[in-house]
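# A closer look at the structure
Take a look at the letters that make up each chain.
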Amino acid sequence: MELEVQLNPLPGFPALEGAHELAWSYLLDAIFADAYHAGVRRLQVVLPHPDLREGVELRSRLTPPSGDNTALVLLAPAPLGKAERTYTLEFGLLAPASLRRTQPVRPGKEPEQRLYIYTLRSKLAGLGMRLPSPAASDRAWRRVRQGFASPQPTPSFYRLLIWGSA
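A brief structural summary. (Residues numbered from 1 in each chain as written. Predicted model: local features only at pLDDT ≥ 70, side-chain atom pairs only at ≥ 80, totals over all residues. Heavy atoms only, no water.)

## Quick notes on unusual backbone geometry
As a reminder, the rule being used: What counts as a helix is a DSSP run of H or I of at least four residues, what counts as a strand is a run of E of at least two, and both are numbered from the N terminus. Residue burial is assigned from relative accessible area. The probe radius is 1.4 Å, only protein chains are included, and a residue is buried under 20% of its type maximum, exposed over 50%, and partly exposed in between.
With phi around 60°, Tyr118 is a residue other than glycine that occupies positive phi space. If you trace the backbone, Tyr118 turns up in strand β5 (residues 113-119). On the basis of relative accessible area, Tyr118 is assigned to the buried category, the value being 12%.

Now the structure itself:
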C-alpha cells in the first residue's frame, strides 16, 4: 500500500508502552484491515507520535493495495482533505484532559464505524494482573484482552471513527 506519513506531535501524549502499545496495535490493525477491504491503494497518515511511524510503515509493506481509493488517516489534528475513506481519532473519558480538549475532525454527520479502544472494563481487569498468583494473573490478562476494544459505546481512552466518502 502506498503511504505518505506526516507528524503532528500532541502534547501530553502517553508513552507507547504497556496498554498504550497494545492500543496502538489494535488501532493500526483496524485501520489497515478496513483500508484493505475498502479498496485503498494510498494512505495519507498524520501521526501524533514519532514512535508510531515504524508500525505504520510495517503495516503498509505487509498490506497490498486492493483498489484505487485514497484514504486519509487523521490520528492527530490536521486539515481535512479529499479521500474516499477517512479515519479519525478522538480521546475518550480515560484520556487526560489535555488530550480530550483536542478538537475532533468530523468529515460527516455520522461515521460508518466506531471502535472504542483501551476501555474502562479492560483497565479495571488489568488490576488483577499484579496479583501474586500466576493463575489469577492469567485470568486477569484474558479479561483485559476480551474487553480491550469494543464497537459499542463505552468509556475508553481512544475512539477510532471510520468515515466513508461524503
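## Topic: the sheet that holds β5
Using the following cut-off: Strands were regarded as paired on the criterion that DSSP finds at least two bridges between them.
The strand order β1-β2-β3-β4-β7-β5-β6 describes an open sheet built from 7 strands, whose pairing is mixed. Looking at strand neighbours, the two that pair on one side only are β1 (2-7) and β6 (149-150), the edges of this open sheet. Inspection of the sheet shows strand β2 (residues 40-47) paired to strand β3 (residues 69-74) by 6 bridges, in the parallel sense. Bridge pairing in β3 places Leu43 opposite Ala71.

## Thoughts on the nonpolar core
Convention followed: The set of buried Ala, Val, Leu, Ile, Met, Phe, Trp, Tyr and Cys residues whose side-chain atoms join them within 4.5 Å is what this entry labels a nonpolar core. Residue contacts follow a heavy-atom distance rule, with two residues in contact if any of their heavy atoms lie within 4.5 Å.
Of all hydrophobic cores here, the largest spans 41 residues; its most connected members are Phe13, Trp24, Leu43, Leu75, Tyr87, Phe91 and Tyr158. Of all the secondary structure elements, the ones that give two or more residues to this core are α1 (19-37), β2, β3, β4 (85-91), β5 and β7 (156-164). Element by element, the count of residues in this core is highest for α1, at 8 residues. Phe91 has contacts with Leu10, Phe13, Leu99, Arg100, Thr102, Phe157, Tyr158 and Arg159, leaving out every residue within four places of it along the chain.

## Structural notes on the environment of Arg42
As for its position among the elements, Arg42 is in strand β2. Residue Arg42 is classed as partly exposed on the basis of its relative accessible area of 28%. Residues within four places of Arg42 in sequence aside, it is in contact with Glu2, Leu3, Glu4, Asn69, Thr70 and Ala71.

## Thoughts on the pattern of salt bridges
The condition that has to hold: Throughout this description, the term salt bridge denotes a Lys or Arg side-chain nitrogen within 4 Å of a carboxyl oxygen of Asp or Glu.
Applying the stated criterion across every chain, the model contains 9 salt bridges. A salt bridge links Asp34 to Arg85; its shortest N-O distance comes to 2.7 Å. Of this pair, Asp34 sits in helix α1 while Arg85 is found in strand β4, placing the two residues 51 residues apart along the sequence. One exposure class covers both Asp34 and Arg85, and it is buried. Close ionic contact of Glu90 with Arg159 constitutes a salt bridge, the shortest N to O distance being 3.1 Å. Placement of the pair is Glu90 in strand β4 and Arg159 in strand β7, with a sequence separation of 69 residues. Residue Arg159 is classed as partly exposed on the basis of its relative accessible area, which comes to 23%. Linked through salt bridges whose partners overlap, the residues forming this network are Asp34, Arg85 and Glu112.

Remember that the coordinates give geometry; whether it matters functionally is a separate question.
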